[in-house]
Every structure is written in C-alpha cells, then in structure tokens.
Amino acid sequence: MDLSYILNHLGEEREKYHGAVVPPITQSSIFAFPSVADMRTGFSDEFAEHMYTRGNNPTVAILRKKVAALEGAEDCLAFGSGAAAIAAAVFASVRSGDHVVCVARPYSWTRSLLRDLLPRFGVATTFVDGTDTGNFERALESATRLIVLESPNSMTYEQQDLAAVAALARERGIRTLCDNSYATPLNQSPLADGIDLVVHSATKYLNGHSDVVAGMLCGSRAILRDVFKGPYMTFGAILSPHDAWLLLRGMRTLAVRMERIAATTAKVLAFAEGHPKIRQVYHPQASSNPQLGLSERQLRGSSGLLTIELDAEDVAGVERFCDALQRFLMTVSWGGYESLAFPVCAVFPPNAPLHSASPVSLDLVRLSVGLEEADVLIADLDQALSRI
Ligand SMILES: *Cc1c(COP(=O)(O)O)cnc(C)c1O
C-alpha cells in the first residue's frame, strides 16, 4: 500500500483548484446543470452524479476515495457517525423475517440496534462468543442473512478469525460486516480476508483529533450502490463537507500517529502488566491474551486502547484512581491525540458492588493512549494507582 500517496494525494485534483495544496471545502448543498439533458443524466444516476449534497459532494468524495483505497475497497460511503454507517449497512442487508448473528459484545449502539430496534421490524439477532468460529456455524438459521463482527472489540478486545468466518458465510450466501475501528485500515484488512463490508467510526483514529463525529462504510460498488439508494439517501445521515475536510486533515498524520501510539502503548502495557495494583490487562498484544496467536496472524500492528482491571476493594477505590489522573482526561470515546480514561463504574449508580455488572466488572478502566510522552503517562498512572 502506497500509504503516503493515499493520505497526501489520492483524490485531490489540484489542477481544478488553482494548484491549492489543500483542497477547498465545497460548501454547497446543490450543483447546477447547464441543460435539461445534463440534469436528466444527474437524475438517472445520483450515485455517480453531483446534484445534491445529501447524495454527493466533492469534498466528501475525496475522503471516500482515500478510505476506500486504505481498505482496498471498490468504494466507500461517508456518514455523520459510525453508528449511522453501521445502521445503514444493517438496514440495507436485512428485511422482515431475516436473522442476524452478531458477536457477543459489540459496540453498545450496535447491540442496541440489533437487540432493541430491529425486532420491531421483524429481524431477530443471536449473539455469540466470536472467539470460537464454530459458534457462528451453530447459530446459523435458514433465515440468517448477515453476520456482524467487531474484531477486536473496544473494551475487552475479543477477536474473530475473519477469514474463517468469511469463508463459512460465503459458502452459504450470507453477508458479513466487520467493525474495523479499533485496528484501523493500517493494521487490519477484513476485505482481503473475504469480509463483504467494513465499517469505521472515523471519529476515532481516522480523524484522531477529537473534533469530528463521522462514519465510513467500505465494500463493493454493487453493495454500496444498494446502500446509497436505500438507507443512505432515505435516512440522510451524511457527513458535512466541512467535517469531511477536517477528517482529510486529520488523516494526513494517520500513519505517524499510529506509529507513535503503538510505541507508547508497548511501554504502557509493560508498566501495567508489572504493577501490583493491576490484576489484569486487556489488549490484543497483552501477554495474558489467550488470542495472542490470532493477534499475531491477523493484526499488523498495535492500537492504543487497552483496559486495566484494578485491584480495588470497592468502587470507591476505582473512583480514587480515576479522580487522581492528571494527564488522562476522563470521558467516553477514544483514538484522539490526547490520552483518555473511561471508568466502567461511571455507567452505574454510585456504591454499586464491584461485580454486579457481569460479564463486565466495575473495576475496569479503559485507557486510550494518545500522543504524549510515554514516561509522562506512566508517571500519571503510577501516582493514581497509589491512591487505590
Ligand atoms: C465509537 C464506536 C462506534 C460508533 O461510532 P460513532 O462515530 O461514535 O457513531 C462504532 N464502533 C466502535 C468500535 C466504536 O468504538
């Protein structure tokens, strides 16, 4: 993959904008036609033509080309959020009476879509432990049309053998969708493993600056044309030209950010794995990960999201740790330039027992490693751990 060409040049038609090195933001909702004949052409294929920004926009088009190239996809659609991209992919793939198989612990709003919303439209979902490919096979029904994967997921990092799941789905004509937000296109290529659709929360590493919410859906042009005519145009959950432009800027540094984050994360992992107040470290490359072999085969590099299980007596101890953090900002989301901490206990009422929320326990704190110096982050964790 010619990464620097994709990030710096692909899709940018500088001759059309006076040689400007940075593309302009085409802040226009509509595109005019010189003749009725041309307008008729526009209506005949809105997927390909510029007519209305809910369908196509030149700034968004540059972004689509770059992300498609990164994923090795024929095409890509941009959405106003990762959740919108996932919903569009799912709605375009199922109809009433169909059945979906999904990994046990997907992103919370993916679970909500499949578990709470889709049954209203006659679509049922079975959730399975995806670390064993056989579980997918056992969950299949004659009505199964879609398998939803997230490898690794974004809290405990379970992975699926993508090539194996893709092969069993293909044999049966079942579509597969994989959330690749965690790995980024740099570290994992699900389409090359035979997966049909790849989705990204571009809010995370692709943008990397915590200033845009966006989603991308990559796949074959035939499927994406279908998504375009269906949920993309009808739900209208599009990315604005300005947000697309910010994403283009964020992506210029994707490769260097991921390199730096991987190097820092390796040091944070080593520190966390040796600390007496941390019982367990969850990360694809953690030495205790039972799927370490799959990480080595399937991932080309490391991401900066990891989860630590604190050796705390109670939730108050977890709270003392989190409240003491100085450089890790406490909030949701991940993948930005700044390091973050997300305590699972914040989702539950105060004074809940530590292990009330099985299978996720309240002594888990998810850390997103940003671009700070490793020793600064480690010193911050160390002083906060002494408060437990
Ligand atoms: C954040 C996230 C999403 C949702 O993306 P938004 O851009 O927040 O809508 C989907 N999948 C994963 C793994 C995520 O972390």
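Residues numbered from 1 in each chain as written. Predicted model: local features only at pLDDT ≥ 70, side-chain atom pairs only at ≥ 80, totals over all residues. Heavy atoms only, no water.

1. Comments concerning the overall build of the chain
Link 1 in the chain: Secondary structure summary: the chain contains 14 helices and 12 strands in total.
Link 2 in the chain: Relative to the compact-globule value of 21 Å for 388 residues, the chain shows a C-alpha radius of gyration of 22 Å, a close match.
Link 3 in the chain: By principal-axis analysis of the C-alpha atoms, the chain measures approximately 75 × 55 × 40 Å.
Link 4 in the chain: Going through the 388 residues of the chain one by one, you find that 55% of them count as buried. (Helix = DSSP H or I, 4+ residues; strand = E, 2+ residues; numbered from the N terminus. Rg over C-alpha atoms; globule rule 2.2 N^0.38 Å. Buried < 20%, exposed > 50% of the residue type's maximum accessible area, 1.4 Å probe, protein only.)

2. Description of unusual backbone geometry
Link 1 in the chain: Residue Ser151 is joined to Pro152 through a cis peptide bond whose omega torsion reads -10°.
Link 2 in the chain: Position of Pro152 among the secondary structure elements: in the loop between β4 (144-150) and α7 (162-171).
Link 3 in the chain: With a phi angle near 70°, Thr184 is a residue other than glycine that sits in the positive phi range.
Link 4 in the chain: Within the secondary structure, Thr184 is located in helix α8 (residues 184-187).
Link 5 in the chain: A positive phi angle, close to 65°, is found at Asn351, a residue other than glycine.
Link 6 in the chain: The topology assignment puts Asn351 in the loop between β11 (340-343) and β12 (364-368).
Link 7 in the chain: The class of Asn351 is exposed, set by a relative accessible area of 73%.

3. Some points on a negative patch on the surface
Link 1 in the chain: On the surface, Glu313, Asp314, Glu319 and Asp323 cluster together into a negatively charged patch.
Link 2 in the chain: On the accessibility criterion, Asp314 (37% relative accessible area) is partly exposed. (Patch = residues over 30% accessible without salt bridge, like charges linked within 9 Å, V, L, I, M, F, W, Y side chains within 5 Å. Areas by Shrake-Rupley, 256 points an atom, 1.4 Å probe, with all protein chains shown as cover. Salt bridge = Lys/Arg side-chain N within 4 Å of Asp/Glu carboxyl O. Lys, Arg positive; Asp, Glu negative; His and termini not counted. Charge placed at Lys NZ, Arg CZ, Asp CG, Glu CD.)

4. Topic: the site of the ligand
Link 1 in the chain: Near the ligand, the surroundings consist of 14 residues, among which Gly82, Ala83, Asp179, Thr203 and Lys204 are the closest.
Link 2 in the chain: Contact between the ligand and Ala83: an oxygen atom at 2.8 Å from a main-chain N or O atom of the residue.
Link 3 in the chain: The side chain of Ser201 places a nitrogen or oxygen atom 2.9 Å from an oxygen atom of the ligand.
Link 4 in the chain: Calculation on the ligand without its partners gives an accessible area of 380 Å², and the protein chains cover 91% of this total.
Link 5 in the chain: Sort the elements by how many residues they give to the shell around the ligand and helix α4 (residues 82-91) lands first, with 3 residues.
Link 6 in the chain: Among the residues making up the shell around the ligand, the classes are represented as 6 nonpolar, 5 polar and 3 charged. (Near = heavy atom within 4 Å. Polar contact = N/O pair within 3.5 Å; in protein donor to acceptor, adjacent residues only side chain to side chain. Nonpolar A, V, L, I, M, F, W, Y, C, P; charged D, E, K, R; others polar.)

5. Considerations on the environment of Trp245
Link 1 in the chain: Tracing the chain through its elements places Trp245 in helix α10 (residues 241-251).
Link 2 in the chain: Spatially, the C-alpha atoms of Trp245 and Tyr157 are 31 Å apart, while their sequence positions differ by 88 residues.
Link 3 in the chain: Contacts of Trp245, omitting those with residues within four sequence positions, involve Val22, Pro23, Pro24, Ile25 and Thr59.
Link 4 in the chain: Side-chain polar atoms of Trp245 contact the backbone oxygen of Pro23, separated by 2.9 Å. (Contact = heavy atoms within 4.5 Å.)

6. Digging into the packing of aromatic side chains
Link 1 in the chain: Enumeration over the complete set of coordinates arrives at 8 aromatic pairs.
Link 2 in the chain: Here Tyr157 and Tyr182 contribute two aromatic rings whose centre-to-centre distance is 5.3 Å and whose plane-to-plane angle is 45°, an arrangement assigned as tilted. Pair noted here: Tyr157 is in the loop between β4 and α7 and Tyr182 is in the loop between β5 (175-179) and α8, with a separation of 25 residues, a long-range link. Of the two residues, Tyr157 and Tyr182, neither departs from the other in class, the shared state being buried.
Link 3 in the chain: Residues Tyr205 and Trp334 carry aromatic rings whose centres are separated by 5.3 Å and whose planes lie at 70° to one another, so their mutual orientation is edge-to-face. Taken together, the positions of Tyr205 in the loop between β6 (197-201) and β7 (215-219) and Trp334 in the loop between β10 (329-330) and β11 put the pair 129 residues apart, joining distant regions of the chain.
Link 4 in the chain: Of the aromatic side chains, those joined through ring pairs into one cluster are Phe47, Phe79, Phe228 and Tyr232. (Phe/Tyr/Trp six-rings, centres within 6.5 Å; stacked < 30°, edge-to-face > 60°.)

7. Observations concerning the sheet that holds strand β2 (residues 99-103)
Link 1 in the chain: The mixed open sheet is built from 7 strands, whose spatial order is β1-β7-β6-β5-β4-β2-β3. Each having just a single partner strand, β1 (75-79) and β3 (124-128) make up the two edges of the open sheet. Neighbour to neighbour, the strand axes of the sheet diverge by 20° on average, direction disregarded.
Link 2 in the chain: Packed onto the sheet, helix α3 (residues 58-71) meets β1, β6 and β7 and runs at close to 125° relative to β1.
Link 3 in the chain: The sheet contacts of α7 involve β4 and β5, and relative to β4 the element is tilted by about 175°. (Pairing = 2+ DSSP bridges. Axes fitted to C-alpha atoms, helices over the stretch in contact; angles between N-to-C directions.)

8. Overview of the side chain of Ser81
Link 1 in the chain: Inspection of the secondary structure puts Ser81 in the loop between β1 and α4.
Link 2 in the chain: There is a polar contact of 3.0 Å between the side chain of Ser81 and the backbone nitrogen of Ala84.
Link 3 in the chain: Apart from the residues within four sequence positions on either side, Ser81 is in contact with Val213, Ala214 and Gly215.

9. With respect to α7
Link 1 in the chain: Buried within α7 are the following residues: Leu162, Val165, Ala166, Leu168 and Ala169. The buried residues of α7 all sit within an arc of 170° when viewed along its axis, so they share a single face. For α7, the exposed residues set more than 90 degrees away from the buried face come down to Arg170 and Glu171.
Link 2 in the chain: Within two residues after α7, Gly173 carries a phi angle of roughly 70°, on the positive side. (Arc of directions from axis to C-beta.)

10. Topic: the state of the cysteines
Should the sulfur atoms of two cysteines be covalently bonded, the bond is a disulfide.
Link 1 in the chain: Scanning all chains against the criterion turns up 0 disulfides.
Link 2 in the chain: Unpaired in terms of disulfides, Cys178 finds its nearest cysteine sulfur in Cys102, a separation of 11 Å.
Link 3 in the chain: Counting only cysteine sulfurs, Cys76 is the nearest neighbor of Cys218, a cysteine outside any disulfide, at a range of 3.8 Å.
Link 4 in the chain: By relative accessible area, which is 0% here, Cys218 ends up buried. (Disulfide = S-S within 2.5 Å.)

11. Notes on the domain arrangement of the chain
Link 1 in the chain: The domain boundaries assigned to the chain delineate domain 1 (3-251) and domain 2 (254-385).
Link 2 in the chain: Placing the centre of domain 1 and that of domain 2 at their C-alpha centroids yields a distance of 28 Å.
Link 3 in the chain: Of the residues lining the interface, 37 residues belong to domain 1; the matching set on domain 2 comes to 34 residues.
Link 4 in the chain: Between domain 1 and domain 2 lies a buried interface of about 2,900 Å² when both sides are counted; carbon and sulfur atoms form 55% of it.
Link 5 in the chain: Linking domain 1 with domain 2 are 1 salt bridge, by the criterion used here.
Link 6 in the chain: There are 23 residue pairs in polar contact (both at pLDDT 80 or more) connecting domain 1 and domain 2. (Domains from an automatic or database assignment. Buried area = accessible area lost by both parts, 1.4 Å probe.)

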